[in-house]
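Spelled out from the first residue to the last, the chains are:
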Amino acid sequence: QVQLVESGGGLVQAGGSLRLSCATSGRTFSIYAMGWFRQAPGKEREFVAAMRWSGTPTYYGDSVKGRFTISRDNAKNTVNLEMNSLKPEDTAVYYCAARTTPAWVPLERSEYDSWGQGTQVTVSS
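About the thresholds
Residues numbered from 1 in each chain as written. Predicted model: local features only at pLDDT ≥ 70, side-chain atom pairs only at ≥ 80, totals over all residues. Heavy atoms only, no water. Helix = DSSP H or I, 4+ residues; strand = E, 2+ residues; numbered from the N terminus. Rg over C-alpha atoms; globule rule 2.2 N^0.38 Å. Contact = heavy atoms within 4.5 Å. Areas by Shrake-Rupley, 256 points an atom, 1.4 Å probe, with all protein chains shown as cover. Phe/Tyr/Trp six-rings, centres within 6.5 Å; stacked < 30°, edge-to-face > 60°. Buried < 20%, exposed > 50% of the residue type's maximum accessible area, 1.4 Å probe, protein only. Salt bridge = Lys/Arg side-chain N within 4 Å of Asp/Glu carboxyl O. Pairing = 2+ DSSP bridges. Axes fitted to C-alpha atoms, helices over the stretch in contact; angles between N-to-C directions.

Scanning the protein chain for helices and strands turns up 0 helices and 11 strands. Along the chain direction, N to C, the helices and strands of the protein chain fall in the order β-β-β-β-β-β-β-β-β-β-β. Taken against the 2.2 N^0.38 rule, which gives 14 Å for 125 residues, the C-alpha radius of gyration of the protein chain at 13 Å falls within 12% of a compact globule. Pairs at least 24 apart in sequence give 59% of the contacts found in the protein chain among residues at least 6 apart. For the protein chain, the exposed surface amounts to about 6,300 Å²; the carbon and sulfur share of it is 49%.

Okay, structure coming up:
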């Protein structure tokens, strides 16, 4: 079992930046891939970014490409999401997720088996 805890959410003005972290614990040796998803009120949970547990390759949703960066801090066993040039439409609850059975880099929420509790990101205009 893998435990995931997100942090770093908050309120930021449009054009600003935030850095989300996902602390991993438990059977982290079983992780194949990590992903970030987000869910805005009344909308489906949307793919944001993903990577192999090794850190590469990385994949991004079209709406965040060029603005967001997913990375792994090996020393802290965290997966980070650096978010720049934030827009009001980035407002959502952000979730990190882990895939602990063999796979490349899943891009669908249904392909992840462990989830954090989420952290709120609000971007004001």
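All right, on to the packing of aromatic side chains then. Under the definition given, this model contains 5 aromatic pairs. When the ring of F37 is compared with that of Y112, the centres are 5.4 Å apart and the planes differ by 75°; the resulting orientation is edge-to-face. Of this pair, F37 sits in strand 4 (residues 33-39) while Y112 sits in the loop between strand 9 (92-99) and strand 10 (114-115); the two residues are 75 residues apart in sequence, bridging distant segments of the chain. When sorted by exposure, F37 lands in the same class as Y112, which is buried.

Turning our eyes to something else, we now look at the pattern of salt bridges. Counted by the stated rule, this structure contains 5 salt bridges. Note that R19 and E82 form a salt bridge whose closest N and O atoms lie 3.3 Å from each other. You can see R19 sitting in strand 3 (residues 18-26) and its partner E82 sitting in strand 8 (residues 78-83), a full 63 residues away along the chain. The exposure class assigned to R19 is partly exposed, which follows from its relative accessible area of 46%.

Turning our attention to the pairing of strand 3. The sheet contact formed by strand 1 (residues 2-7) and strand 3 spans 6 bridges and is antiparallel. Along strand 3, the bridge assignment pairs E6 with C22. With 6 bridges connecting them, strand 3 and strand 8 associate as antiparallel partners. Note that in strand 8 the partner of L20 across the bridge is L81.

Before going further, it helps to spend a moment on unusual backbone geometry. Between T56 and the following residue, P57, the backbone shows a cis peptide bond with an omega angle of -5°. Of note, the phi angle at S85 is positive, near 50°, even though the residue is not glycine. Residue S85 is classed as partly exposed on the basis of its relative accessible area, which comes to 42%.

Okay, the sheet that holds strand 1 next. The strand order across the open sheet formed by 4 strands is 1-3-8-7, and the pairing between neighbours is antiparallel. Each having just a single partner strand, strand 1 and strand 7 (68-73) make up the two edges of the open sheet. Within this sheet the neighbouring strands show an average axis-to-axis angle of 20°, counted without direction.

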